[in-house]
Amino acid sequence: MDNKSSYKTILKSTSIFGSVQLVTIITAIIKSKIITTLIGSYGYGIYSVLIHTSDLIKQISLVGIDVSGVRKIAEENPIKNKNELQYNIAVISKLVLISGFIGFILATTLSLFLSTVIFLSSSYWYLFFFLALAIFFNCLTAGNNAILQGNSKFSQLAKSNLISNIIGLILIIPFFYFFKIDAIIYVIIITAMVNYFVSKYFLRFLFIPNVKISFKSAIKSGDNIIKFGSLLMLLSFLPVLANYIIQIFIGRIDGLNEVGLFNVGIVILNTYVGFIFSAMSMEYYPRLVAQISDFKKLSNSVNQQIEISLLIITPILILFSILSEFFIKIFFSLEFIPILPMLDWAIFAMLFKAVSFPIGYLFIAKADSKVFVKTSIFFNSIFVIFCLFGYYLKGFNGLGFSFLIYYFIHLIGVYLISSKRYNLKLVKNTIQIFFFNLLFCLTIFILNFYSEIQLLLVLKFFVLSGSLVYSLVTLNKLVPIFSYFKKERK
């Protein structure tokens, strides 16, 4: 595959998931508006803590099977016959079913303990007891999505995410309207069930497996998936744990109201900015795995992914940085304005993540367990330390600054490791694109400190226009996007 074809593949897959994520953003906006309007920041704090508890237990019980399952299918898929493929799908399906039961048991067993730790009272044990049902369905959904992703069924995976988001939104609105805070646990369960049944529909539509396999055989056949997955679990578990610790810390110092504010900030970053990373990773990871034996292709893929990431995300970062206060007022409420200082720093930090994110995937694709275990523990540990100190000293302002420092250190760290261990080099074109976009973001970041001067708003939009033009022109050099869209119209 030549360079232009590679760029086109990256751009096409990103546009597929990006367009779906656009609808996801709209549904997330409506959902956030409903929650924050009807139950306020305190209710949102409860909702966020329960969601992150669910994610934490899910990651533990899955032991990375969802990620290692993608790798198992992707690395051998081209040489597998249909029967082997169906057998592997059956194995992964059984493994995630076992994981779902483990997650269910963990949540119910720890319900009293979790209630005491989070709410300082054992009276809310029933919330975690019911949360176990959502965890069960979330595990099954993760397995279904892994099978779709491993087989490069990106369009179907995108449709699954799109439909489940829309259906979930329609179903939860009446619950929050009539039951307010009491609806939180029901909403979480309903969302998990909708996600599962929609993903199951697309899985059955693509594959009609007649493979029957016992749980014992699945565990035996999936031994490598479980072993590798247990290491990969750190990649998904540690960030969730880190975020969970930060929430508990904030809750203990300032209460659930501040936890709600913090989580709105995280939702904004993940929804309005971070969706680009989700969209890219769907195609990027299987592609890296497929190229794992060809270092030249692997290195090219990393550089190309960084370039596309930067060119797409920078105008989005700048736009949101300019309009962040407006977005919060419109899509949330004035109650959430205190998180603006955190967002100013954190949005800038996403530029560094746009470079470190593609590099970090090398460790997983290479199955270099020694490296990614050590780096995961180290980086997540310093992330927690920075955030706790930042929040303790300067509140949300300090928390945002901690985000920026962390992602800068993370970029330097993963690049030095991959450069030394895999001989990865960032090419001239990649470095040039990074520094141009860094200049745009740095300009906006400085201008934000003088937000009281209304005249500077014109200058900010001038910088946005420059960034957008630069991204489009550069993208057109990499992939003839203008001629591509003309062909599409014909």
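Everything numeric here is computed off the predicted structure, so don't read it as measured data.

This brings us to the overall build of the chain. Of regular secondary structure, the chain possesses 17 helices and 0 strands. Considering the chain as a whole, with its 490 residues, one finds that 56% of them fall into the buried category. A separation of at least 24 residues holds for 83% of the contacts in the chain among residues at least 6 apart in sequence. Roughly 21,900 Å² of accessible area belongs to the chain as shown, and the carbon and sulfur atoms make up 68% of that amount.

Further remarks concern the packing of aromatic side chains. We describe a pair of aromatic rings using the distance from one ring centre to the other and the angle between the two ring planes. Tallied over the entire structure, the rule returns 28 aromatic pairs. Arranged with centres 5.0 Å apart and planes meeting at 65°, the rings of Trp-345 and Phe-445 form a pair that is edge-to-face. Of this pair, Trp-345 sits in helix H13 (residues 340-365) while Phe-445 is found in helix H15 (residues 428-447), placing the two residues 100 residues apart along the sequence. As far as burial versus exposure is concerned, Trp-345 and Phe-445 are alike and both buried. Among the aromatic residues, ring-to-ring pairing joins Trp-345, Phe-348, Phe-352, Phe-401, Phe-408, Phe-434, Phe-435 and Phe-445 into one connected group.

On to the confidence of the model for the chain. Across the chain, the average pLDDT comes to 80, with 81% of residues at 70 or higher. No element of the chain has a lower mean pLDDT than helix H17 (residues 481-489), at 51, and none a higher one than H15, at 91.

Here we come to the side chain of Thr-474. Its place among the elements puts Thr-474 in helix H16 (residues 456-478). Judged by its relative accessible area of 10%, Thr-474 is buried. Among the polar contacts listed, one links the side chain of Thr-474 to the backbone oxygen of Tyr-470, at a separation of 2.7 Å. With near-sequence residues (within four places) excluded, Thr-474 lies in contact with Leu-311 and Ile-433.

This brings us to a nonpolar patch on the surface. Side chains of Leu-112, Tyr-124, Trp-125, Tyr-126, Phe-129 and Phe-130 sit close together on the surface and give an oily, nonpolar patch of about 600 Å² of accessible area. By residue number, the principal contributor to the nonpolar patch is helix H5 (residues 125-150), which donates 4 residues. Counting through the fold element by element, Phe-130 comes out in helix H5.

Gaps between atoms show up when a probe of the same size as a water molecule is rolled over them. Applying the stated criterion across every chain yields a total of 2 cavities of 30 Å³ or more. Of the voids in this model, the second largest cavity is the one considered here, and its volume is about 70 Å³. Forming the boundary of the second largest cavity are Leu-317, Ile-318, Ser-321, Asp-344, Ile-347, Phe-348, Cys-441, Ile-444, Phe-445 and Asn-448. Looking at the lining of the second largest cavity, the elements with two or more residues in it are helix H12 (295-331), H13 and H15. Taken together, the residues that form the lining of the second largest cavity break down as 7 nonpolar, 2 polar and 1 charged.

All right, on to H5 then. In this model, H5 (26 residues) spans 38 Å end to end at C-alpha, consistent with the 38 Å of a helix rising 1.5 Å per residue. The buried fraction of H5 amounts to 21 of the 26 residues, a majority that puts the element mostly inside the structure.

On to the packing of H12 against H15. The contact between H12 and H15 brings their axes to 10 Å, and the two run at 10°. When the axis of H12 is compared with that of H15, the two are roughly parallel. Contact with H12, carried on its side by Asn-303, Ile-306, Glu-307, Leu-310, Leu-311, Thr-314, Leu-317, Ile-318, Ser-321 and Ile-322, involves Asn-429, Thr-430, Ile-433, Phe-434, Asn-437, Phe-440, Cys-441 and Ile-444 of H15 and no other residues of that element. Each residue belonging to the contact of H12 with H15 can be placed in one class, and the counts come to 11 nonpolar, 6 polar and 1 charged.

Let us now look at unusual backbone geometry. We note that Lys-180 has phi near 55°; this positive angle belongs to a residue other than glycine. Its place among the elements puts Lys-180 in the loop between helix H6 (154-179) and helix H7 (184-206). Given a relative accessible area of 34%, Lys-180 falls into the partly exposed group. Phi at Asn-423 is positive, roughly 60°, even though this residue is not glycine. Take Asn-423: it is sitting in the loop between helix H14 (369-422) and H15. By relative accessible area, Asn-423 is classed as partly exposed at 47%.

Interaxial distance between helix H4 (residues 111-119) and H5 falls to 7 Å at its minimum, and their mutual angle equals 125°. Classified by the angle between their axes, H4 and H5 sit oblique to one another. For H4 against H5, the interelement crossing comes out right-handed. Of the residues in H5, those in contact with Ser-111, Leu-112, Leu-114, Ser-115, Ile-118 and Phe-119 of H4 are Trp-125, Leu-127, Phe-128 and Phe-129. Of the residues in the contact of H4 with H5, the class split is 8 nonpolar, 2 polar and no charged.

When H4 is considered as a whole, its buried residues turn out to be Ser-111, Leu-114, Ser-115, Ile-118 and Phe-119. All buried residues of H4 lie within an arc of 100° about the axis, which places them on one face of the element. With respect to the buried face of H4, the exposed residues turned more than 90 degrees away are Leu-112 and Phe-113. The first or second residue beyond H4 is Leu-120, which carries a positive phi of 60°.

Cut-off values and rules
Residues numbered from 1 in each chain as written. Predicted model: local features only at pLDDT ≥ 70, side-chain atom pairs only at ≥ 80, totals over all residues. Heavy atoms only, no water. Helix = DSSP H or I, 4+ residues; strand = E, 2+ residues; numbered from the N terminus. Buried < 20%, exposed > 50% of the residue type's maximum accessible area, 1.4 Å probe, protein only. Contact = heavy atoms within 4.5 Å. Areas by Shrake-Rupley, 256 points an atom, 1.4 Å probe, with all protein chains shown as cover. Phe/Tyr/Trp six-rings, centres within 6.5 Å; stacked < 30°, edge-to-face > 60°. pLDDT = per-residue confidence, 0-100. Polar contact = N/O pair within 3.5 Å; in protein donor to acceptor, adjacent residues only side chain to side chain. Patch = residues over 30% accessible without salt bridge, like charges linked within 9 Å, V, L, I, M, F, W, Y side chains within 5 Å. Salt bridge = Lys/Arg side-chain N within 4 Å of Asp/Glu carboxyl O. 1 Å grid on protein atoms, 1.4 Å probe; cavity = no way out; pocket = protein on both sides within 12 Å on 5 of 7 lines; lining within 4 Å. Points joined across faces, edges and corners; volume = space filled by probe spheres on them. Nonpolar A, V, L, I, M, F, W, Y, C, P; charged D, E, K, R; others polar. Expected span 1.5 Å × (residues − 1). Axes fitted to C-alpha atoms, helices over the stretch in contact; angles between N-to-C directions. Parallel < 35°, antiparallel > 145°, perpendicular 65-115°, else oblique. Left-handed = near helix turned anticlockwise from the far one by under 90°. Arc of directions from axis to C-beta.

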